[in-house]
Amino acid sequence: MTAELVAGVDSSTQSTKVVVCDARTGEVVRTGRAPHPDGTEVDPAAWAQAFADATRDVLDGVKAIGVGGQQHGMVTLDEAGEVVRPALLWNDTRSAQAAQDLTEELGGPGVWAKSVGLVPVASFTVTKLRWLAEHEPENADRVARVLLPHDWLTWRLLGRPETAVTDRGDASGTGYFSPTDNTYRHDVLAHAFGGRTPDLPTVLGPSDVAGHTSDGMLVSAGTGDNMAAALALELAPGDAVISIGTSGTVFGVTETGAADASGLVAGFADATGRFLPLTAALNAARVLTAGAAMLGVDLAEFDRLALSAEPGAGGLTLLPYLDGERTPNLPGATGSLHGLTRANMTPENVARATVEGMVCGLAAGLDAVRAQGMAVKRVLLIGGGAQSAAVRAIAPIVLGLPVVIPEVGEYVALGAARQAAWALAGTAEPPTWHGTENRLELDEPAGALRAAGIEIQHRHLEAREAAHGVSAKLGED
């Protein structure tokens, strides 16, 4: 029997990645990839070209396709459907002042969190629209429609129809959509954009069909990258994901939305009809590479050194704020090493303290989402940093929870493909694909190891308070 095939697209900051999967099992049968140009603003035409290159000779026999895209990017179209200016991406920070202004103008952080689930920062679309209105008024006057990157690619796949579509997951990262009420806040958009309300895409349900391509391929609603990754990992309540890449993210699915007035946790929606509270840390895998460089070793030797030291690194504590920090909100902070003595000043202890400090930084993100009511029973560790043997050994000790290492995969593209399979099947729930297969299970530490983990976290919190005057309560189990 010939397998029914579906495709998932990951249109990220750096590249377009495509996976073609068996719709029933999720087995990957073909892949494609093409790069994107560097920069924090990009002509969307580059995404279209990358999509064409990545899907060349890949989509034969595919029945359905879904697009996962980088969140928050601002794509502006005129009345003719042409791009007004290059898209501003999530990592473009020129709208930082606009974020501060909008927060103050509309009642402060608490009002924003309650209204749209987040507090403005430069990454969110609403702040970019304010920047456009203030700094490029002629371009702003031409804007007839605003889309997100995944919306734009889906719209192109459908032949540029009169009505564009999105999903509530990606829409929840704009700053003008309420994930709890499932509705746009046109009043917020108008305030940000000089009194104007450009057309916005229709918000589809999680398994809705967006339409079909000219050759009959079904197109699903698509979603944002974090939501697609959660869908690929088949998250259930009680699961928390810690992704260790260039930066780190912590997220999980919940039945109720988050409204964090501190702004640390974004109360996003997910791609299944639930919610996806998420927090981000600036310092993740690059802390490990910086530590290895400081010690003059490669990452394999760095792992060996870290694993040669005892838990607690002989009393050394690293605050890993090498690039400032987002969780906690310390943009001007720098890293520091505390507790040095002649006895503990060894390469092994320095390596161990570096890994423990990086994991403690991510644990602060876990504490932040827990404080928003997310119960956590286990942690799924993904991203490049999750492949480190030292991280795998130290994470359960510091986090105090069972840790799961899923098989390495293109989670955003896989989640988009799973959504496409769901839309194709028309079922109430998405298909079950990999489940618990190909996952490394690391047990929750007990006894002396758990005590060591608690001590490591306490020392990290004490060092943070001493260095930056910021304290935090450890998350409750």
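Remember, it's a predicted structure, so these values are computed and weren't measured experimentally.

*Asks:* Any chance you could explain the overall build of the chain here in plain terms?
*Replies:* Helix and strand counts for the chain stand at 15 helices and 24 strands. The C-alpha radius of gyration computed for the chain amounts to 22 Å, which stays within 12% of the reference 23 Å derived for 477 residues, consistent with globular compactness. The principal-axis extents of the C-alpha atoms in the chain amount to approximately 70 × 60 × 40 Å. A separation of at least 24 residues holds for 71% of the contacts in the chain among residues at least 6 apart in sequence. Working note: accessible area of the chain is about 18600 Å², and carbon and sulfur atoms make up 51% of it.

*Asks:* Looking at this model, I keep getting lost on the packing of helix 12 (residues 347–371) against helix 15 (residues 447–468). Mind explaining?
*Replies:* In contact at an axis separation of 10 Å, helix 12 and helix 15 are set at 85° when each is read in the N-to-C sense. Compared by their axis directions, helix 12 and helix 15 come out roughly perpendicular. Facing E356, G357, C360, G361, A363, A364 and D367 of helix 12, the residues of helix 15 in contact are I456, Q457, H460 and R464. For the contact of helix 12 with helix 15, the residue count by class is four nonpolar, four polar and three charged.

*Asks:* What am I meant to see in the side chain of E356 here?
*Replies:* As for its placement among the helices and strands, E356 is situated in helix 12. Setting aside its immediate chain neighbours within four residues, E356 contacts E310, P311, G312, A313, I394 and I456.

*Asks:* Teacher, can you tell me more about the packing of helix 2 (residues 96–105) against helix 4 (residues 125–135) here?
*Replies:* Each packed pair of helices is defined by two parameters, the angle between the axes and the distance between the axes. Closest axis-to-axis distance for the helix 2/helix 4 pair is 9 Å, and the angle between their directions is 105°. If you check the angle between helix 2 and helix 4, you find them roughly perpendicular. Side by side, helix 2 and helix 4 meet where A98, A99, D101, L102 and E105 of the first sit next to V126, T127, R130 and W131 of the second.

*Asks:* Quick question: what am I supposed to make of the UniProt feature "domain: Carbohydrate kinase FGGY C-terminal" (unreviewed entry) in the chain here?
*Replies:* Per the UniProt record, the feature "domain: Carbohydrate kinase FGGY C-terminal" (unreviewed entry) sits at residues 240–424. Annotation note: span residues 240–424, helix share 38%, strand share 20%, distance between end C-alpha atoms 28 Å.

*Asks:* Honestly, helix 6 (residues 149–157) in this entry has me stumped. Any pointers?
*Replies:* Think of an α-helix as 3.6 residues a turn; residues three or four steps apart then line up on the same face. Within helix 6, eight of the nine residues are buried, which leaves the element mostly enclosed by the surrounding structure. Among the residues of helix 6, those classed as buried are P149, H150, D151, W152, L153, T154, W155 and L157. The first or second residue beyond helix 6 is G159, which carries a positive phi of 85°.

*Asks:* What exactly am I supposed to notice about helix 4 here?
*Replies:* Taking burial as the measure, the 11 residues of helix 4 include eight buried ones, the bulk of the element. Considered for burial, the residues of helix 4 that qualify are T125, V126, T127, K128, L129, R130, W131 and L132.

*Asks:* What is the right way to read the sheet that holds strand 19 (residues 275–281) from this model?
*Replies:* Across a sheet, paired strands are connected by hydrogen bonds in the backbone, their directions being either parallel or antiparallel. Read across the sheet, seven strands follow the order 18-19-17-16-22-23-24 without closing on themselves; strand pairing throughout is mixed. Unpaired on one side and paired on the other, strand 18 (266–269) and strand 24 (439–442) mark the two borders of the sheet. Shown here is a sheet whose adjacent strand axes are inclined to one another by a mean of 25°, direction ignored. Looking at chain direction, strand 22 (residues 376–382) and strand 23 (residues 403–406) are connected through two bridges and run parallel. Looking at the pairing, V379 lines up with V403 of strand 23. Contacts from helix 13 (residues 389–399) reach strand 16 (238–244), strand 22, strand 23 and strand 24 within the one sheet, and its direction differs from that of strand 23 by about 145°.

*Asks:* Would you take a moment to explain the packing of aromatic side chains for this structure?
*Replies:* The description of an aromatic ring pair uses the distance of the two centres, along with the angle that the planes make with each other. Applying the stated rule across the entire model yields four aromatic pairs. Aromatic side chains F124 and F268 sit 6.5 Å apart centroid to centroid with 85° between the ring planes, which places their arrangement in the edge-to-face category. Note that F124 is positioned in the loop between helix 3 (109–116) and helix 4 and F268 in strand 18, a separation of 144 residues in sequence. The class for F124 is buried, based on a relative accessible area of 5%. Its end group placed over the ring of W131, R94 keeps NZ or CZ at 4.9 Å from the ring centre.

*Asks:* I'm lost on the nonpolar core in this one. Help?
*Replies:* One recurring pattern in soluble globular proteins is that nonpolar side chains are buried together. In terms of nonpolar packing, the biggest core is built from 58 residues, with V6, Y176, L235, F251 and F268 touching the most fellow members. A total of eight residues in this core trace back to one element, the largest contributor, which is helix 14 (residues 411–425). With residues near it in sequence (within four places) discarded, V6 still touches V19, V20, C21, A23, V62, A64, A417, A420, A421, L424 and W433. Counting residues in hydrophobic clusters, the runner-up holds 42 residues, among them I244, A306, V379 and A386.

*Asks:* It is not clear to me how the pattern of salt bridges should be interpreted in this structure. Could you clarify?
*Replies:* Opposite charge on two side chains permits them to pair, given that their charged atoms come into close proximity. The final tally for this structure, using the stated rule, is 20 salt bridges. D323 is the partner of R286 in a salt bridge, and the nearest nitrogen-oxygen pair spans 3.8 Å. Of this pair, R286 sits in helix 10 (residues 285–295) while D323 sits in the loop between strand 20 (317–319) and strand 21 (336–338), and the two are 37 residues apart along the sequence. Overall, D323 belongs to the partly exposed group, its relative accessible area being 43%. Taken together, the shared-partner salt bridges in this structure form one network comprising E41, R85, D92, R94 and E136.

*Asks:* Explain the pairing of strand 17 (residues 248–251) here, please?
*Replies:* Successive residues of a regular strand alternate their side chains across the two faces of the sheet. The alternating pattern of strand 17 places G248 and V250 on one face and T249 and F251 on the opposite face, and all of these are buried. Note: strand 16 against strand 17, four bridges, orientation antiparallel. Among the inter-strand pairings, I244 is bridged to a residue of strand 17, identified as G248. Linking two consecutive strands that pair antiparallel, namely strand 16 and strand 17, is a turn of three residues. Bridging between strand 17 and strand 19 involves four bridges; their strand directions are antiparallel. Paired with V250 across the bridge in strand 19 is T279.

Calculation notes
Residues numbered from 1 in each chain as written. Predicted model: local features only at pLDDT ≥ 70, side-chain atom pairs only at ≥ 80, totals over all residues. Heavy atoms only, no water. Helix = DSSP H or I, 4+ residues; strand = E, 2+ residues; numbered from the N terminus. Rg over C-alpha atoms; globule rule 2.2 N^0.38 Å. Contact = heavy atoms within 4.5 Å. Areas by Shrake-Rupley, 256 points an atom, 1.4 Å probe, with all protein chains shown as cover. Axes fitted to C-alpha atoms, helices over the stretch in contact; angles between N-to-C directions. Parallel < 35°, antiparallel > 145°, perpendicular 65-115°, else oblique. Nonpolar A, V, L, I, M, F, W, Y, C, P; charged D, E, K, R; others polar. UniProt positions renumbered as here; feature names shortened; annotations may be inferred. Buried < 20%, exposed > 50% of the residue type's maximum accessible area, 1.4 Å probe, protein only. Pairing = 2+ DSSP bridges. Phe/Tyr/Trp six-rings, centres within 6.5 Å; stacked < 30°, edge-to-face > 60°. Lys NZ or Arg CZ within 6 Å of the ring centre and 35° of its normal. Core = buried A, V, L, I, M, F, W, Y, C linked by side-chain atoms within 4.5 Å. Salt bridge = Lys/Arg side-chain N within 4 Å of Asp/Glu carboxyl O.

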